[in-house]
Each structure stands twice: as structure tokens, then as C-alpha cells.
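# Structural features, examined
Below, each chain spelled out in residue letters.
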Amino acid sequence: AQRVTQPEKLLSVFKGAPVELKCNYSYSGSPELFWYVQYSRQRLQLLLRHISRESIKGFTADLNKGETSFHLKKPFAQEEDSAMYYCALSGHSGGSNYKLTFGKGTLLTVNP
Amino acid sequence: ETGVTQSPTHLIKTRGQQVTLRCSSQSGHNTVSWYQQALGQGPQFIFQYYREEENGRGNFPPRFSGLQFPNYSSELNVNALELDDSALYLCASSSHIGRYNSPLHFGNGTRLTVT
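Heads up: these notes are all about the structure in this document. (Residues numbered from 1 in each chain as written. Chains lettered and ligands numbered in written order. Predicted model: local features only at pLDDT ≥ 70, side-chain atom pairs only at ≥ 80, totals over all residues. Heavy atoms only, no water.)

A few words on the overall build of chain B. Regarding its fold elements, chain B presents 0 helices and 13 strands. Its helices and strands taken in sequence order, chain B reads β-β-β-β-β-β-β-β-β-β-β-β-β from the N to the C terminus. Taken over C-alpha atoms, the radius of gyration comes to 13 Å for chain B, in line with the 13 Å a tight globule of 115 residues would show. The dimensions of chain B, computed from C-alpha atoms along their principal axes, are 40 × 25 × 25 Å. For chain B, the proportion of its 115 residues judged to be buried stands at 53%. Considering only intrachain contacts with a sequence separation of at least 6, the fraction spanning at least 24 residues in chain B is 53%. Carbon and sulfur atoms make up 48% of the accessible area of chain B, which amounts to about 5600 Å² in all. Across chain B, the 8 positively charged side chains and the 8 negatively charged ones have centroids separated by 3 Å. (Helix = DSSP H or I, 4+ residues; strand = E, 2+ residues; numbered from the N terminus. Rg over C-alpha atoms; globule rule 2.2 N^0.38 Å. Buried < 20%, exposed > 50% of the residue type's maximum accessible area, 1.4 Å probe, protein only. Contact = heavy atoms within 4.5 Å. Areas by Shrake-Rupley, 256 points an atom, 1.4 Å probe, with all protein chains shown as cover. Lys, Arg positive; Asp, Glu negative; His and termini not counted. Charge placed at Lys NZ, Arg CZ, Asp CG, Glu CD.)

Given below as C-alpha cells:
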């Protein structure tokens, strides 16, 4: 079974402070991990995926298979980073199935 | 590039009724997925359609059904509505070519309220 856990429902930081949004997963195979973000009044959109190994808007996330984690990090938070963040997992079960299992989300608030 | 569009944006139905939600996929995408997002929860996978056939299903009863049309647009049908079906229903499209799946692009969702 696939499971994604985001332990923090709410996270509040000050502008310029480092931020880390935690994500742990449970999956027996080789997963693909994603972070999706939803800004106020906007649709859910992809922020980054682990296979790309890229930094988007200053955010990075490293897949740690030993700790089954995919934490999202940014060294200096900006007010425009305030949004709901969802961690998601895709377990390739063969064929073209692309089911995503989402965590419950973390609402990040960056205060001025 | 046209994004994913969903209709209607809001809907109120009575318990026991049936509802149809619609989705137009992003241009160039051939796969459509549907998700249910209850209040305070992350999106939950309902099913996916590829080449007009269901291609994967989550833990939802058979009264949740769907269609995909030749132009890749899709419908989600829910029969015998229950109060717990009240949620935001999200449609997402992607491109499947060979073993490659592009990331999902989501619509704004349809807010369904069952009274």
C-alpha cells in the first residue's frame, strides 16, 4: 500500500528564515516523489519532482530512501511562498498507471 | 496552450441523485485522471482514463464511473449520491507516451455539495 505522511498541518516562519516541509512515505517498490503547491485562489500545480533533481523557486527536495523521506527545503523563505504544499507519491505498478497518492498537505505561512 | 477546464464550478445536489462532472484536458494531453478532495484532506485518486478506457482505479465504489471521449475530454458520473460525496472534484490531464508519463496538470475543480 502507498502512504504519504506530512506531519505538519501548519508551518509558520518569518521572511528570510529557512523552511523545511516534511514528507515521509511508505511504498514497497521504487517510488517517484513530487511536491505540488497551491497558491491562494490558484489551481494545484507541480513544484518539483525528484527525478528532475532541480531547484524550483529556490526549493529543493532530496529523496532519502533509507529514511523514506522527501523533505522540501528552502534556505530563505519569501512571503510569496505562502501556500498549501502537498507531497505526492507515484508507485509504478506496471503499464501506464500513474496514480498519485497525496499527503494531507502543509499550509506554509511566511510572515513579513 | 489551453489548460485543463472543468464544469460546472459549483453544484448542489440532493442525496440519492446523480451528477455528471466534465473536464477538458490540456491540449496535447491524452490521459485524464480524477481526484476527490474532501475538506482538510489531500486529493484522493478515483480513476484514470487512457485511450477511452479506465486505466487504474482507486478505492471508490462502482457508483463512481467515467468516460473519456475521442477528443480526450472526460466525464465523471456519480450515482446515488451520499452526503460524504460532498467534496472538490479535481480533473488532471497528462501525456502518456510509451512508458513516459508527463506530470499532471490540474483543473480548478468542481465543488459538489450533497444535501
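Right, let's talk about the interface of chain A and chain B for a bit. By convention, interface size is frequently given as the accessible area that disappears when the constituent parts associate. At the interface, 15 residues of chain A touch 23 residues of chain B. Counting across the interface, chain A meets chain B through 0 salt bridges. Secondary structure elements with two or more residues in the side of chain A that touches chain B: strand E6 (45-49) and strand E10 (100-102) of chain A. Of the residues contributing to the side of chain A that touches chain B, the split by class is 7 nonpolar, 4 polar and 4 charged. (Salt bridge = Lys/Arg side-chain N within 4 Å of Asp/Glu carboxyl O. Nonpolar A, V, L, I, M, F, W, Y, C, P; charged D, E, K, R; others polar.)

As summarised here, the arrangement of the 3 strands in space is E3-E8-E7 (chain A), forming an open sheet in which the pairing is antiparallel. This sheet does not close on itself; its edge strands, each paired only once, are strand E3 (19-21) and strand E7 (60-61) of chain A. (Pairing = 2+ DSSP bridges.)

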